[in-house]
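Coordinate inspection notes
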Amino acid sequence: MQKIHSKITQLKENLHHLLHHALVASTLGLIIVIFESHGLLNWLDSASLRVAQAINPQASLPIASGPLVAERVKTILISSKAYERVFYQESPLSRRELQGLLAEIASKNPKVIAIDIDMSPGPSEAKSNHGQLELDQWLQSNSKSNTKYVLVTPFPVVDEKLMQEKYIWMKKMCEAGINFAYPHVGTSQGYALRMSPTTPSLGVIAHNKYSLKEDFFEFDPCVLVASGIDQAIFLNSLLDPALLIPTANFATMLPLTPDAIEKCLASSIHWNGEGFSSFKAISSTDVVFLGSSYDPRDTLLTTSGLQPGVIFHAATTQTLISPTKKISHSMALGFDIVLGITAGFLFSWAWSKYHRAAGDLYYANKSIFRAYFIVRAWLALNFLLLGTWLCVIFFFSAALLRAQIWASPAAMIIGVFVKALIASRQSSSQEIKKTNDRHLDTNSLKSIVVWDGILASPLLLYGTYLTFFSH
């Protein structure tokens, strides 16, 4: 009977510990959902994404053509050599040379030609305007072909007369059926990590203009131009379009697929101005991006290093071909609870061993050095356990990202540190209780739990609503 009673007591204690860890994990999960919904963990999400993308073995991707190389997206980069020998280091680039370059690309009949170069006219006396009329006529004529042309919005200016000229030029191009897109790329912590499928950026428009949601069409550059020059705020350098055109919502942004940039680099063509034989790789099903690799001002810091802006736009299209899916709040909460319970038991066991060893050291009469090294070994093991658990979480997120699913480990990271802290203090108090032979008042414990539940109930109810009912 005594053994049965002992087993029942042990079972009750285990059940109590399970319920305790489940309650803490679910409460943390709901609170973190609230933080995520209000954008308070965006910084941690960006840091986690940087680590997850760095874990993926991008460096092992082949640079030559192969099964991993993008077949639909190709980038033509105007090299420093071509900039010096063909365009004579002039900026803006020669319109006549650009027309010849575009004609060679168009002769391959690609599906889309997206140009990450300002094609708008400059001031009336500028030498760069030579050949502008011919280039405009060529673009208008070729816009009637099967190839879709996408240009970036003109570089913003201060002079009202020049702004009016750029507006008239852009309106003429829009009426000819040429698409326009924003060249801006959002960064987080200095890194370009995400793309917004709801923003009419160059990569999104090049993929499919009509994939945008209807409520974002009002921010399409051609729609704004059609509404008058006052609406074309992106032409005015005194205004910040990012503040006036709320097209990018962090919650709707998607991480670039782990190898999107590497694929675009592998399939890119570095044009050095010596013939066009390299353009033979372009086919009628390709989305072709044209940009530069010579201008250090048009570069972005990515997890694949410093890259030209046009490569990021091409990677955006590559991502949209097979987009990453974000895990839902309810599924993320499930992961948090399961991992939280596991971490709770693990950390509680490890910290209880440490505090028991610390108690042995306190009362040690002999072999004090042995007891000391045991305490320090358990302390080191606890920190090693914390680091290992964090690495497991990051590798888990990286594996999901490789499978086109992004589960931000931000919530789990916070949960791990909180659980480790609770376990360290909880096991300490348990060891003190055992040492002093004090018994816990179960009625007092129940009262504390009830009052904690009442005080936290509004927060937990709001978290439950955001998790299961706000979508």
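Up top is the structure.
Residues numbered from 1 in each chain as written. Predicted model: local features only at pLDDT ≥ 70, side-chain atom pairs only at ≥ 80, totals over all residues. Heavy atoms only, no water.

1. Focus: the pattern of salt bridges
Tallying each qualifying case throughout the model produces 4 salt bridges. Taking the shortest distance from any N to any O, the salt bridge between K74 and D286 comes out at 3.0 Å. Placement of the pair is K74 in strand 1 (residues 73–78) and D286 in the loop between strand 7 (269–271) and strand 8 (287–292), with a sequence separation of 212 residues. Pair check on accessibility: K74 and D286 agree, each one buried. In this structure, the salt-bridge partner of R297 is D295, at a minimum N-O distance of 3.0 Å. Owing to a relative accessible area of 70%, R297 belongs among the exposed residues under this scheme. Since its relative accessible area comes to 18%, D295 is described here as buried. One network of salt bridges, with partners in common, ties together K81, R85 and E274. (Salt bridge = Lys/Arg side-chain N within 4 Å of Asp/Glu carboxyl O. Helix = DSSP H or I, 4+ residues; strand = E, 2+ residues; numbered from the N terminus. Buried < 20%, exposed > 50% of the residue type's maximum accessible area, 1.4 Å probe, protein only.)

2. A closer look at the nonpolar core
Formed by 45 residues in total, the largest nonpolar core has its most connected members in I78, M119 and L139. Among the elements that line this core, the one with the most residues is helix 6 (residues 160–175), at 7 residues. Leave out the neighbours within four places in its chain, and M119 touches R95, L98, L102, Q132, L135, L139, L151 and W169. Grouped together as the second largest cluster of nonpolar side chains are 27 residues, V112, A114, A181 and L256 included. (Core = buried A, V, L, I, M, F, W, Y, C linked by side-chain atoms within 4.5 Å. Contact = heavy atoms within 4.5 Å.)

3. Regarding the pairing of strand 2 (residues 112–115)
Within a regular strand, side chains alternate between the sheet's two faces. Of the two faces of strand 2, both are covered, the one formed by V112 and A114 as well as the one formed by I113 and I115. This β-α-β element, strand 2 to helix 5 (residues 132–142) to strand 3 (residues 148–152), shows right-handed connectivity. Where strand 2 and strand 8 come together, 4 bridges link them in parallel fashion. Within strand 8, the position partnered with I113 by the bridge is V288. (Right-handed = clockwise from strand over helix to strand, strands pointing away. Pairing = 2+ DSSP bridges.)

4. Let's talk about the state of the cysteines
The full count for this structure, using the stated rule, is 1 disulfide. Residue pairing for C174: its cysteine sulfur links by disulfide to C222, the two sulfurs lying 2.1 Å apart. Negative torsions about the S-S bond denote left-handed disulfides, and the value of about -80° found for C174 with C222 makes this one left-handed. Taken as a pair, C174 in helix 6 and C222 in helix 8 (residues 221–226) lie far apart in primary sequence, 48 residues in all. (Disulfide = S-S within 2.5 Å.)

5. Remarks on the packing of helix 5 against helix 6
At their nearest, the axes of helix 5 and helix 6 sit 9 Å apart, and the two run at 25° to each other. Classified by the angle their axes make, helix 5 and helix 6 are roughly parallel. Note that helix 5 runs across helix 6; the crossing there is right-handed. Residues Q132, D136, L139 and Q140 of helix 5 form the contact with helix 6, whose own contacting residues are W169, K172 and M173. Split by residue class, the contact of helix 5 with helix 6 holds 3 nonpolar, 2 polar and 2 charged. (Axes fitted to C-alpha atoms, helices over the stretch in contact; angles between N-to-C directions. Parallel < 35°, antiparallel > 145°, perpendicular 65-115°, else oblique. Left-handed = near helix turned anticlockwise from the far one by under 90°. Nonpolar A, V, L, I, M, F, W, Y, C, P; charged D, E, K, R; others polar.)

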